[in-house]
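# Structural features, examined
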Amino acid sequence: MKKNNKGKYIEELYEFYEQKMYFYAYRFLKDEKLSEDAVHDTFLKLIEKGKVFGNPGSDECRNYIMTVTKNTIIDKYRKWKREEEHMYLIGEEEELVGGNISGLYDESLDSVDVEEKIDKLPDKYSSVVRCIVIDGMNVRETAEKLEISENAVRKRYERAKKKLRAVLE
């Protein structure tokens, strides 16, 4: 198919399917911008694949386009969830830095008393708490120092906080 005809064919597909694709995407993503992006990305994939059907309104064409749309929606959703999780972890990491132990105990307790409680935690938890709270390291620095993954640091820190709260309350 000639380049000019291909462009005309894509225009026909766009006019025929754009609204259907958008509503399909919005039904699952519940976000205007993500839905618009899904439609846009779907058309980019369609252009890239270059698959041509005789009639844009045929069942074969519709099924193909809606399948590509569905897969694009799934990709968008997964990416959105990963970004949402990443943003949560960034926010949590900001809490993990700062060299203080506020939020872990009642402010009226003596910090020496709290450090004794930290020492009583299992080594894998106390070492993480010491790096983050006492040494003021961030998650990455703690992971490098202890030679464990950043996720392990986050998990151990969360578990340590729970154990300390239980002991200090």
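Everything below is about the structure printed above this text.
This one's a predicted model, so the numbers in the text were calculated from it and none came from an experiment. For every chain, the first residue of its written sequence is number 1, and the numbers climb from 1 along that sequence. Residue-level local features of this predicted model are given only where pLDDT is at least 70; pairs of side-chain atoms are given and counted only at 80 or more, and the full residue set underlies all totals for whole chains, interfaces and linings. With hydrogens and water set aside, each side-chain value is computed from the structure's full complement of heavy atoms.

## Things to note about the nonpolar core
Heads up, the condition is: Residues belong to one nonpolar core when they are buried, are Ala, Val, Leu, Ile, Met, Phe, Trp, Tyr or Cys, and are joined through side-chain atoms within 4.5 Å. Three exposure classes are used, based on accessible area relative to the maximum for each residue type with a 1.4 Å probe and protein chains only: buried under 20%, partly exposed in between, and exposed over 50%. Runs of H or I in DSSP of at least four residues are treated as helices and runs of E of at least two as strands, each being numbered from the N terminus. Residue contacts follow a heavy-atom distance rule, with two residues in contact if any of their heavy atoms lie within 4.5 Å.
Counting residues in hydrophobic clusters, the biggest one holds 15 residues, and the most contacted among them are L13, M21, F43, C61 and I65. Here this core takes 6 residues from helix α1 (residues 3-29), the largest share from any one element. When sequence neighbours within four positions are dropped, the list of residues in contact with I65 reads L13, Y17, M21, T42 and L46. Grouped together as the second largest cluster of nonpolar side chains are 13 residues, V139, Y157, A160 and L164 included.

## A look at the packing of helix α5 (residues 123-134) against helix α6 (residues 139-146)
Threshold: Simply put, an axis is a line fit to the C-alpha atoms, just over the touching stretch for a helix, and the angle between two N-to-C directions goes from 0 to 180 degrees. Angles below 35 degrees are treated as roughly parallel, those above 145 as roughly antiparallel, those between 65 and 115 as roughly perpendicular, and all remaining angles as oblique. By convention, the crossing between two helices is left-handed when the near helix turns anticlockwise from the far helix through less than a right angle, and right-handed when the turn is clockwise. As a working rule, the residues Ala, Val, Leu, Ile, Met, Phe, Trp, Tyr, Cys and Pro are called nonpolar, Asp, Glu, Lys and Arg charged, and the rest polar, with Gly in that last group.
Direction vectors running N to C along α5 and α6 enclose 135°, while the axes themselves pass 10 Å from each other. The orientation of α5 relative to α6 falls into the category oblique. Like other packed secondary-structure pairs, α5 and α6 cross with a definite hand, here right-handed. Contacts from S127, V128, C131 and I132 of α5 reach α6 at T142, K145 and L146. By residue class, the composition of the contact of α5 with α6 is 4 nonpolar, 2 polar and 1 charged.

## Details of the pattern of salt bridges
Worth spelling out the cut-off: What counts as a salt bridge is simple: a side-chain nitrogen of Lys or Arg found within 4 Å of a carboxyl oxygen of Asp or Glu.
Taken as a whole and assessed by the stated rule, the structure comprises 6 salt bridges. With a shortest N-O distance of 3.4 Å, D75 and K45 are connected by a salt bridge. With D75 in helix α3 (residues 59-96) and K45 in helix α2 (residues 32-49), this residue pair connects regions lying 30 residues apart in the sequence. The salt bridge involving R154 is made with E150; its shortest N-O contact spans 3.7 Å. Placement of the pair is R154 and E150 together in helix α7 (residues 150-168), with a separation of 4 residues, close to one helical turn. Residue R154 is classed as buried on the basis of its relative accessible area, which comes to 11%.

## Considerations on the environment of Y77
With respect to the helices, strands and loops of the structure, Y77 is situated in helix α3. For the pair formed by Y77 and L34, sequence separation is 43 residues and the distance between their alpha carbons is 8.5 Å.

## So, empty space enclosed by the protein
Over the atoms a probe the size of a water molecule is rolled, and this reveals where empty space is left. The criterion, for reference: A cavity here means a set of points on a 1 Å grid, drawn over the protein atoms and nothing else, where a 1.4 Å probe fits but cannot get out; a pocket is an open set with protein on both sides within 12 Å along at least five of seven lines, and a residue lines either one if it has an atom within 4 Å of a point. Grid points are joined across faces, edges and corners, and a volume is the space filled by probe spheres set on the points.
For the coordinates displayed, the defined rule picks out 1 cavity of 30 Å³ or more. The computed volume of the largest cavity comes to approximately 40 Å³. If you go around the largest cavity, the residues you meet are Y9, I10, L13, L46, K51, F53, Y64 and I65. Elements represented by at least two residues in the lining of the largest cavity include exactly α1 and α3. If one sorts the elements of the lining of the largest cavity by residue count, α1 sits on top with 3 residues. Here the residues of the lining of the largest cavity are counted per class, giving 7 nonpolar, no polar and 1 charged.

By themselves, these are just geometric observations and shouldn't be taken as functional.
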